[in-house]
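# Summary of structural features
Residues per chain are reported as follows:
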Amino acid sequence: LFFQDIANQDAAISDEAVKGEHNVIAEEWRMRNPKNYLISLLKDIYNHPQYNNRMPLGDMDIIQNCTPELVRNFYKRWYQPQNMAVVVVGDFDTDQME
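Description of the structure in this document.

Counting its regular elements, the protein contains seven helices and zero strands. Going from the N terminus to the C terminus, the protein shows its helices and strands as α-α-α-α-α-α-α. Taking all 98 residues of the protein together, 13% fall into the buried category. Looking at the protein alone, contacts between residues at least 24 apart form 84% of all its contacts between residues at least 6 apart.

Okay, here's the thing in structure tokens:
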């Protein structure tokens, strides 16, 4: 049921929900706003252009200005069963888990 809910293409993502998340993400970004030394450190650690271009939370201009339609289209495009994986960790019987 968990994965069925995630991959539900009829999921209702309201305009109000998207607008509310803009503020949540902005606050997360503000709390994690990296200082120059952290950005420099990450560049040294990752040494990979993809990670050096921007922080994982994304570009605030895009986040604050994305439309609910854009969010719904993203969800429909990427939240598909063929894009999902299950990782199981622990002491269990493999045959029973499968």
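Another aspect to go through is the packing of aromatic side chains. Under the counting rule described, the total for this entry stands at one aromatic pair. When the ring centre of Trp 78 is taken as origin, the NZ or CZ atom of Arg 77, which lies over that ring, is 4.2 Å away.

A few words on a nonpolar patch on the surface. Taken together, the side chains of Phe 2, Phe 3, Val 86, Val 88, Phe 92 and Met 97 define a hydrophobic patch exposed on the protein surface, amounting to about 570 Å² of accessible area. Its place among the elements puts Phe 92 in the loop between helix H6 (68–78) and helix H7 (94–97). Overall, the relative accessible area of 32% leaves Phe 92 in the partly exposed class.

The next point concerns the side chain of His 22. Mapped onto the elements, His 22 comes out in helix H2 (residues 15–32). Reaching out from His 22, the side chain makes a polar contact with the backbone oxygen of Ile 63 at a distance of 3.1 Å. Leaving out residues up to four positions away in the same chain, His 22 has contacts with Ile 63, Gln 64 and Cys 66.

What counts and what doesn't
- In every chain, residue numbers begin from 1 and rise along the written sequence.
- Restriction of local features to residues with pLDDT of at least 70 applies here, the model being predicted, together with a cutoff of 80 or more for giving and counting side-chain atom pairs; totals for whole chains, interfaces and linings are based on all residues.
- Working from all heavy atoms in the structure, the side-chain values ignore hydrogens and water.
- Here a strand is any run of E in DSSP of at least two residues, a helix any run of H or I of at least four, and the numbering for each starts at the N terminus.
- Throughout this description, buried means an accessible area under 20% of the type-specific maximum (1.4 Å probe, protein chains only), exposed means over 50%, and partly exposed covers the range between.
- The contact definition used throughout considers only heavy atoms, calling two residues in contact when any of these lie within 4.5 Å.
- Any pair of Phe, Tyr and Trp rings, taking the six-membered ring for Trp, is counted once the centres come within 6.5 Å. Such a pair is stacked with planes under 30 degrees apart, edge-to-face with planes over 60 apart, and tilted for the rest.
- In this scheme, Lys NZ or Arg CZ marks a charge over a ring once it lies within 6 Å of the ring centre and within 35 degrees of the ring normal.
- The patch calculation keeps residues exceeding 30% relative accessible area without a salt bridge and links them within 9 Å when they carry like charges or within 5 Å when they are nonpolar (Val, Leu, Ile, Met, Phe, Trp, Tyr).
- Methods summary: accessible areas were calculated by the Shrake-Rupley approach with a probe of 1.4 Å, and residue burial reflects only the protein chains presented.
- Definition used for salt bridges: Asp or Glu carboxyl oxygen within 4 Å of a side-chain nitrogen of Lys or Arg.
- Under this definition, polar contacts are N or O atom pairs within 3.5 Å; protein pairs additionally need one hydrogen-donor-capable and one acceptor-capable atom, and for neighbouring residues in sequence, both atoms have to be side-chain atoms.

Purely geometric numbers; function is a separate question.
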